[in-house]
Amino acid sequence: MTGIAGKHVLLIVTGGIAAYKALELTRLIQKAGGTVQPILTRAATEFVTPLSIGTLAGHAALTELFDLTREAEIGHIELSRSADLIVVAPASADFLAKMAQGHADDLASTTVLATDTEIMIAPAMNVRMWEAPATRRNVAQLRSDGVHVVGPDEGDMACGEFGPGRMAEPQAILEAITAHFDAKAARGRLKGLKAVVTSGPTREWIDPVRYISNESSGRQGTAIAKALIAEGAEVVFVTGPAKAPRPAGCRIIEVETALEMDAAVQDALPADFAVCVAAVADWRMAEAHDQKLKKTPDGTPPTLELTANPDILAGLSQGDQRPRLVIGFAAETENLEANAARKRKTKGCDWILANDVSAQSGTFGGPENSVILLTESGAEPWPSLPKSKVGHRLAARIASHFGR
Ligand code: C5P
C-alpha cells in the first residue's frame, strides 16, 4: 500500500499548456488509492474542461468562488481543510505570485490562503519567467512559508525555448506526493524534535559583480536534513547558494551572506538541536562597494579590507537560546583530529564531525565523506561513507542522544 491510499488530494489546476497533464496526475493518484477533488482557475478552463477532469476524478470540478450552491453545501474554507494535501499542478507564474502575496480573488487562490493543509506546487512556465527575479523571490518566499516545490524540469518548451520551466512529469509529482505521505506516516525516532540545519556556502559581495565564496555543494547538509526529516524531525533548512537540490518536507530559508544566515538561524530558534554544516565565509568586505571596482591606469590592484563574519555555530552554542544539542563540522586539510577537538572546545558545541577536505580526499563536492565524530567522550572514526549514509548515521546518533 502506498502512502497515498485513502488520502484526499485537492488538485488545483492553473492556466498553462501543462494543464492537460493534470488529467494524467488525477488518474495516477486514483490508481494509487487516493481521491481527487479538482479546482480549476478560469485560465485553466481554457486548457482542460471542468467536465473532463471532473468525470475522471469522480468529483465535479469546482471553478468559481461564488458558486452559491456549492458554497451553501460546504464553503471554500471547509473545502480547503477537508484535504490531506493541496497540490497545485501546473502552478503558473501568476498563481505563484498570488500565493506569495496572499491574494484571494477566486476559488483557487482563496482555497490556498484559507487552508491549514500542506501545499505542494509543480511550477510550469516559460524559462525566462521561471528565471525572472520576481518569480525567484516568490518561490523563495513560498519555500520559506513551508510550501513544497516539485520541479520544474529542464527541456524543450511548448514556446520553442529550452531550459528549466517544464512541469515535472505526473509520475514524478506522484512520487513526491507519496514521499510526503510516507514521511508523515513514519514513526521517526526524531518526531516532535525541531532542528535547524545550515548548509552550502555563503557569498560575500565585494562589489555588484564579484564575491568571496567557496566550493561547498550543499550535498552533505542536504543529506543530513533528509535523514532528519525521514526520522520525523521538524527541520528548518537554512541554505546559502548551493548546487544541491533542496530537501523536501521542511521549511527552507534561502540566504546569501553569512549575516543573513546568522539572522535566519536566530529567527528559527528555539530548536531542540542544530547541525551547522554550512561552509560560512570567515570574512566579508569591511565596506561593500556599490559600483564595480575599476582597474587603475597604472595597474595597481585594490586593497580589499575584510572584517570577520559572526561565527554562527559559536553563537548558537553560547547563546541564550542554546539548543540542547549543537553539532558542527570541522573541515580540515591537516591535523584533523587535533584541530577539530580544539574547535569543539573554543566554539562550545557538543559534537564535531571532522572531515578531511584536502584535495586528495575528494570530499568537497564529491559523493562520499570520511568523518571522525568527536563528542565529550572522545573520537569515533567513521568509515568512508556516501554522504546520505553519513546523514542516516548522524540522525541515528542524535536519536540515541535524545533517548529515542
Ligand atoms: O571555524 P570553522 O569554519 O572551521 O568551523 C566550522 C564549523 O563552524 C562548521 O560547523 C560551520 O558550519 C561553522 N561556522 C559557522 N559560522 C562561521 C564559521 C563556521 O557556523 N562563521
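Quick notes on the rules
- Residues numbered from 1 in each chain as written.
- Predicted model: local features only at pLDDT ≥ 70, side-chain atom pairs only at ≥ 80, totals over all residues.
- Heavy atoms only, no water.
- Helix = DSSP H or I, 4+ residues; strand = E, 2+ residues; numbered from the N terminus.
- Rg over C-alpha atoms; globule rule 2.2 N^0.38 Å.
- Buried < 20%, exposed > 50% of the residue type's maximum accessible area, 1.4 Å probe, protein only.
- Contact = heavy atoms within 4.5 Å.
- Areas by Shrake-Rupley, 256 points an atom, 1.4 Å probe, with all protein chains shown as cover.
- Lys, Arg positive; Asp, Glu negative; His and termini not counted.
- Charge placed at Lys NZ, Arg CZ, Asp CG, Glu CD.
- Near = heavy atom within 4 Å.
- Polar contact = N/O pair within 3.5 Å; in protein donor to acceptor, adjacent residues only side chain to side chain.
- Nonpolar A, V, L, I, M, F, W, Y, C, P; charged D, E, K, R; others polar.
- Domains from an automatic or database assignment.
- Buried area = accessible area lost by both parts, 1.4 Å probe.
- Salt bridge = Lys/Arg side-chain N within 4 Å of Asp/Glu carboxyl O.
- Expected span 1.5 Å × (residues − 1).
- Phe/Tyr/Trp six-rings, centres within 6.5 Å; stacked < 30°, edge-to-face > 60°.
- Lys NZ or Arg CZ within 6 Å of the ring centre and 35° of its normal.
- Axes fitted to C-alpha atoms, helices over the stretch in contact; angles between N-to-C directions.
- Parallel < 35°, antiparallel > 145°, perpendicular 65-115°, else oblique.
- Left-handed = near helix turned anticlockwise from the far one by under 90°.
- Pairing = 2+ DSSP bridges.
- Core = buried A, V, L, I, M, F, W, Y, C linked by side-chain atoms within 4.5 Å.

### Considering the overall build of the protein
Here is step 1 of the chain: Across its full length, the protein holds 14 helices and 21 strands.
Here is step 2 of the chain: A globule of 404 residues ought to have a C-alpha radius of gyration of about 22 Å, and the protein, at 24 Å, matches this closely.
Here is step 3 of the chain: For the protein, the C-alpha atoms occupy an extent of roughly 70 × 65 × 40 Å along the three principal directions.
Here is step 4 of the chain: Taken over 404 residues, the protein has a buried fraction of 51%.
Here is step 5 of the chain: Sequence-distant contacts, at least 24 apart, represent 67% of the contacts inside the protein between residues at least 6 apart.
Here is step 6 of the chain: Total accessible area on the protein stands at roughly 19,200 Å², and carbon and sulfur atoms take up 52% of it.
Here is step 7 of the chain: Averaged over its 41 positive side-chain charges, the protein has a centre that lies 4 Å from the centre of its 48 negative ones.

### Some remarks on the site of the ligand
Here is step 1 of the chain: As a structural note, the neighbourhood of the ligand is formed by Cys276, Val277, Ala278, Val280, Pro310, Asp311, Ile312, Leu313, Gly328, Phe329, Lys343 and Lys347.
Here is step 2 of the chain: Residue proline 310 places a main-chain N or O atom 2.8 Å away from a nitrogen atom belonging to the ligand.
Here is step 3 of the chain: Lysine 347 is positioned with one of its side-chain polar atoms (N or O) 2.8 Å from an oxygen atom of the ligand.
Here is step 4 of the chain: Those elements that place two or more of their residues in the shell around the ligand are helix H12 (312–318), strand S16 (325–332) and helix H13 (336–347).
Here is step 5 of the chain: Looking at the shell around the ligand residue by residue, the class counts come to 8 nonpolar, 1 polar and 3 charged.

### Let's talk about the domain arrangement of the protein
It is common to give the size of an interface as the accessible area lost on bringing the parts into contact.
Here is step 1 of the chain: When its domains are assigned, the protein resolves into domain 1 (8–183) and domain 2 (188–401).
Here is step 2 of the chain: For domain 1 versus domain 2, the distance between C-alpha centres works out to 34 Å.
Here is step 3 of the chain: Contact with domain 1, which involves 5 residues of that partner, is made by 7 residues of domain 2.
Here is step 4 of the chain: For the domain 1 and domain 2 pair, buried surface summed over both sides reaches about 530 Å², with 57% attributable to carbon and sulfur atoms.
Here is step 5 of the chain: The interface formed by domain 1 and domain 2 includes 0 salt bridges.

### Here's the deal with helix H14 (residues 387–401)
Here is step 1 of the chain: A rise of 1.5 Å per residue sets the reference length of H14, with its 15 residues, at 21 Å; its end C-alpha atoms lie 21 Å apart and thus fit the reference within 8%.
Here is step 2 of the chain: For H14, the complete set of buried residues consists of Lys387, Val390, Gly391, Leu394, Ala395, Ile398 and Ala399.
Here is step 3 of the chain: Elements that come into contact with the buried residues of H14 comprise helix H10 (219–230), strand S13 (273–276), S16, strand S17 (351–356), strand S18 (368–369) and strand S21 (385–386).
Here is step 4 of the chain: Where H14 ends, the next residue or the one after it, glycine 403, has phi of about 70°, a positive value.

### Looking at the packing of aromatic side chains
Here is step 1 of the chain: For the coordinates displayed, the defined rule picks out 2 aromatic pairs.
Here is step 2 of the chain: Note on tryptophan 205 and tyrosine 211: the rings are 5.1 Å apart at their centroids and 85° apart in plane angle, and the pair reads as edge-to-face.
Here is step 3 of the chain: Under the relative-accessibility criterion, tryptophan 205 is labelled partly exposed at 29%.
Here is step 4 of the chain: Geometrically, the ring pair formed by phenylalanine 273 and phenylalanine 402 is tilted, given 5.8 Å between the ring centres and 45° between the ring planes. Taken together, the residues span a long stretch of sequence, with phenylalanine 273 in strand S13 and phenylalanine 402 in the segment after H14 at a distance of 129 residues.
Here is step 5 of the chain: Here the basic side chain of arginine 203 rests over the ring of tyrosine 211, its NZ or CZ set 4.3 Å away from the ring centre.
Here is step 6 of the chain: The lysine or arginine in question, arginine 397, covers the ring of tryptophan 351, its NZ or CZ lying 5.5 Å from the ring centre.

### Thoughts on the packing of helix H5 (residues 93–101) against helix H6 (residues 107–114)
Here is step 1 of the chain: Packing of H5 against H6 leaves a shortest axis separation of 10 Å and a crossing angle of 40°. As judged from the angle between their axes, H5 and H6 are oblique. The two elements H5 and H6 meet at a crossing, and its hand is right-handed. Contacts from Phe95, Lys98 and Met99 in H5 reach Ala108, Ser109 and Val112 in H6.
Here is step 2 of the chain: Residue classes in the contact of H5 with H6 are distributed as 4 nonpolar, 1 polar and 1 charged.

### A word on the sheet that holds strand S20 (residues 378–381)
Here is step 1 of the chain: Sheet architecture is open: 8 strands sit in the order S12-S11-S8-S13-S16-S17-S19-S20, paired in mixed fashion. What marks the edges here is a single partner per strand, and that holds for strand S12 (251–254) and S20. Looking at each pair of strands side by side, their axes are set apart by 15° on average, direction ignored.
Here is step 2 of the chain: Here S13 runs beside S16; their pairing, made up of 4 bridges, is parallel. In the strand pairing of S16, valine 275 is matched with isoleucine 327.
Here is step 3 of the chain: Its contacts with the sheet place H10 against strand S8 (194–199), strand S11 (234–239), S13 and S16, and it is angled at close to 170° to S11.

### Some points on the nonpolar core
Here is step 1 of the chain: Counting residues in hydrophobic clusters, the biggest one holds 32 residues, and the most contacted among them are Leu190, Leu228, Val235, Phe273, Val275, Leu394 and Ile398.
Here is step 2 of the chain: One finds Ala18, Ile29, Val87 and Val150 within the second-largest nonpolar core, a separate group that totals 31 residues.

### A few points about unusual backbone geometry
Here is step 1 of the chain: Look at the link from alanine 89 to proline 90: it is a cis peptide, with omega at -5°.
Here is step 2 of the chain: Structurally, proline 90 can be placed in strand S3 (residues 85–91).
Here is step 3 of the chain: Geometrically, the link from leucine 269 to proline 270 is a cis peptide bond, its omega value of 5° lying close to zero.
Here is step 4 of the chain: Phi angles above zero are rare outside glycine, and asparagine 335 is one such case at about 40°.
Here is step 5 of the chain: Turning to its location among the elements, asparagine 335 is positioned in the loop between S16 and H13.

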